[in-house]
Amino acid sequence: MVSRVIPVEVFDLVIFGATGDLARRKILPGLYRRFLAGQMTAESRIIGAARTDLDTAGFRKLVQDAIEEFVSADRRDPAMIAAFLEHLDYVSIDASKGEAGWTSLNGLMRAGVVRAFYFSVAPSLFGELAEKLHAHGIADGQSRIVVEKPFGRDLATARALNATLASHFEESQIYRIDHYLGKETVQNLMAVRFANILFEPLWNSQFIDHVQITVAETVGVEGRGSYYDKSGAMRDMVQNHLMQLLCLIAMEPPYHFDPNAVRDEKLKVIRALQPVPHDDIVRGQYNPTKTAPGYLEDSENPDSRTESYIALKVHVANWRWKNTPFYLRTGKKLRARASEIAITFKEPPHSIFDDAEGWRENVLVIRLQPNEGMNLTVMIKEPGPGGMRLMQVPLDMSFAEALGEEAADIPDAYERLIMDVIRGNQTLFMRGDELEAAWAWTDPIIQGWEARGDKPKGYDPGSSGPEDALMLMHRDGRRWREIKE
Ligand code: BG6
C-alpha cells in the first residue's frame, strides 16, 4: 500500500508559546515530520513567538534540539532537518506587556497565504493575544486560531473564554484541540461504525449489554503536580478525552462526514448524558511505595482531595442507549498503559447448547493505544471429539500487521490536527457549544463530591485502581476487563 500524502496550502503558522513544553515535544517535531512527509509545502513558514529573548538562529537551535529529542532516529535526516529549519523565524513577544514585537511579527506575515495562530499559552493570555492580533491588523476574517485544553475549569470559565474568543473570531475560525480526536484509531471508530453494515444494526441497547471505556496510564503526575492538583482526572481526562470517545460510540450517524454534521451528533449525545449519582462514582489517589512518592507528595499538597483515578457509570438517555450503561475509567500509575473501548454484546436469546459454562459474550474491543487494533471475540466449537463444547476465540486485527509499513507512517495526533487547521477542516475539533455542554454535565458531578467533602480512596501504583471501582461493576453483575498492554 502506498500512503497518499496530499500537500496542504502554503501557510504562515505563528506559534505563541513556541519555547514551551508542548511546542517542543509535540508541535514542532510534528511539523518537522509533516515536512519530511512532503505535506508541508516549501513556501510555508513557521514563526515562533514567545517571551524568551531569542533570535531566529537561537530558535532554530532550540527546534533542532527538540527534533533530536522527540523525533525517532530513523526520521532524523540531517539534510531534511537543515531544510526544515530554514522555514523558521522567531519574534520575541510578551503578550502581557506592551507593543514590542508585534510590528516585527506583522512584517513577517505574507499576503495570500493561510494564516494560523497557535495559542500554546495559558488561557489567561488568549484575550490579550486575540486583541493584539486584531489591533495590529495581523489577523483577519480568514485567519485561524488554535487553542488547547484546559479550556476552562467549569462552565462559567469556559463560557468566558468562548466569549473572549468570539469577540475577535468567528466560530469557523476557532480550532479547539482535543488531541484524542487526532488519534488514528479514534477516527477509525467512525469508519468502523459508519463504513460497515455489520455493526450498526446491533449498535443499540437491544443488543449491547454495556460499554467500557478505559484510558489507563502508568505515569504519575510528577512534574505537573501543581496544574494537575487544580484539575484531577475528571477535568483532565473525562470531561474531554473520554467524553469524546463516548460520543463517537454513542452518536447517531451524521448525514455526512462534515464538521458541523459530526459535531451536531456529538452534541446531542452530550446533552443526553444523565446526571451521575454519587454511588456511581469512584475516585482514587495513588499511594506512596517504599521507593516512590504517592499522589499527595507529587502534588505537593498533603491535604489534596484531587483524584488521580476516576471510574463512573454513565447513562445516555435516548432511544438507542436506554438501559445500556457506559462504564468509564481513567487513572495515573495503573498497571499498564492501555486505552481501549470494549463493547459487550448481550447473550443470545436462547441457547440450543447445553454447555452453559463454556459460553461467553461477544466483545468488540477497539484498542486505541498501544498496539492499535480491533478484536472481536466469537464462540466456536471446541475442537475434538468431546461433544458440542463451546470455546471463545478472538478475531484479532492488529493495525500494525494489517497495514504493514504504512502503519509506521501514521501521523501522530498533533501532526494530523495541525494539518487539518491549515486545510480548514474543523471535524476533529470541539465546537464551542459542545464544550459548554460537556462542562454543564461535568460541573454538578464535581460540585457533588466537593459539597460532600469526599476523599478519594487510596490505590497502589501498578494496580487496576481502588477496590471500590471493582464493586461498581460487580454489583451490576459485570466485571472490568483486565488492564494490560
Ligand atoms: C492530556 C492530559 O490531555 O492527556 C494528561 O492532560 C494525560 O494528564 C494525556 O497524560 C494522555 O494523553 P495520551 O495521548 O498519552 O494518551
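In what follows, the structure referred to is the one given above.
Residues numbered from 1 in each chain as written. Predicted model: local features only at pLDDT ≥ 70, side-chain atom pairs only at ≥ 80, totals over all residues. Heavy atoms only, no water.

A.B. asks: Please clarify how the overall build of the chain should be interpreted in this entry.
C.D. replies: Per the secondary structure count, the chain includes 16 helices and 16 strands. For the chain, whose C-alpha radius of gyration is 24 Å, the value lies close to the compact-globule estimate of 23 Å for 485 residues. Its C-alpha atoms give the chain principal-axis dimensions of about 80 × 55 × 50 Å. Long-range contacts, defined here as pairs at least 24 residues apart, represent 76% of the contacts in the chain between residues at least 6 apart. Of the roughly 21900 Å² of accessible surface on the chain, a fraction of 52% belongs to carbon and sulfur atoms. Here the chain contributes 57 positive and 69 negative side-chain charges, whose respective centroids are spaced 2 Å apart. (Helix = DSSP H or I, 4+ residues; strand = E, 2+ residues; numbered from the N terminus. Rg over C-alpha atoms; globule rule 2.2 N^0.38 Å. Contact = heavy atoms within 4.5 Å. Areas by Shrake-Rupley, 256 points an atom, 1.4 Å probe, with all protein chains shown as cover. Lys, Arg positive; Asp, Glu negative; His and termini not counted. Charge placed at Lys NZ, Arg CZ, Asp CG, Glu CD.)

A.B. asks: Just to check I follow, could you spell out the site of the ligand for this structure?
C.D. replies: Within the structure, the ligand sits among Lys149, His179, Tyr180, Lys183, Glu217, Arg224, Asp236, Met237, His241, Lys332, Arg337 and Gln369. Interatomic distance of 2.7 Å between a side-chain N/O atom of lysine 149 and an oxygen atom of the ligand. The separation between an oxygen atom of the ligand and a polar side-chain atom of aspartate 236 is 2.6 Å. Here the ligand, which alone exposes 400 Å², has 80% of that area covered by the protein. It is helix 9 (residues 232-250) that provides the largest number of residues to the shell around the ligand, a total of three residues. Residues that form the shell around the ligand fall into these classes: two nonpolar, three polar and seven charged. (Near = heavy atom within 4 Å. Polar contact = N/O pair within 3.5 Å; in protein donor to acceptor, adjacent residues only side chain to side chain. Nonpolar A, V, L, I, M, F, W, Y, C, P; charged D, E, K, R; others polar.)

A.B. asks: What exactly am I supposed to notice about the packing of helix 6 (residues 155-166) against helix 15 (residues 432-452) here?
C.D. replies: When two helices pack together, you describe them by how their axes are tilted relative to each other and by the distance separating the axes. Interaxial distance between helix 6 and helix 15 falls to 9 Å at its minimum, and their mutual angle equals 165°. The angle between helix 6 and helix 15 places the two elements in the roughly antiparallel class. Every pair of crossing elements has a handedness; the one defined by helix 6 and helix 15 is left-handed. Contacts between helix 6 and helix 15 involve Leu155, Ala158, Arg159 and Asn162 from the former and Gly432, Leu435, Glu436, Trp439, Ala440 and Asp443 from the latter. Residue composition of the contact of helix 6 with helix 15, by class: five nonpolar, two polar and three charged. (Axes fitted to C-alpha atoms, helices over the stretch in contact; angles between N-to-C directions. Parallel < 35°, antiparallel > 145°, perpendicular 65-115°, else oblique. Left-handed = near helix turned anticlockwise from the far one by under 90°.)

A.B. asks: I tried to follow the pairing of strand 2 (residues 45-50) on my own but got confused; where do I start?
C.D. replies: Consecutive side chains of a regular strand alternate in pointing toward one face of the sheet and then the other. Burial runs high along strand 2: five of the six residues are buried. Sheet topology places strand 1 (residues 11-16) next to strand 2; five bridges connect them, and they run parallel. Looking at strand 2, one finds that valine 14 is bridged to isoleucine 47. For the crossover from strand 1 across helix 1 (residues 21-36) to strand 2, the handedness is right-handed. With five bridges joining them, strand 2 and strand 3 (residues 88-92) adopt parallel strand pairing. (Buried < 20%, exposed > 50% of the residue type's maximum accessible area, 1.4 Å probe, protein only. Pairing = 2+ DSSP bridges. Right-handed = clockwise from strand over helix to strand, strands pointing away.)

A.B. asks: Just to check I follow, could you spell out the packing of helix 2 (residues 56-70) against helix 3 (residues 78-85) for this structure?
C.D. replies: Interhelical geometry of helix 2 versus helix 3 gives an angle of 145° and a closest axis separation of 10 Å. Like other packed secondary-structure pairs, helix 2 and helix 3 cross with a definite hand, here right-handed. The residues of helix 3 that touch helix 2, namely those facing Arg60, Val63, Gln64, Ile67 and Glu68, are Ile81, Phe84 and Leu85. The residue makeup of the contact of helix 2 with helix 3, split by class, is five nonpolar, one polar and two charged.

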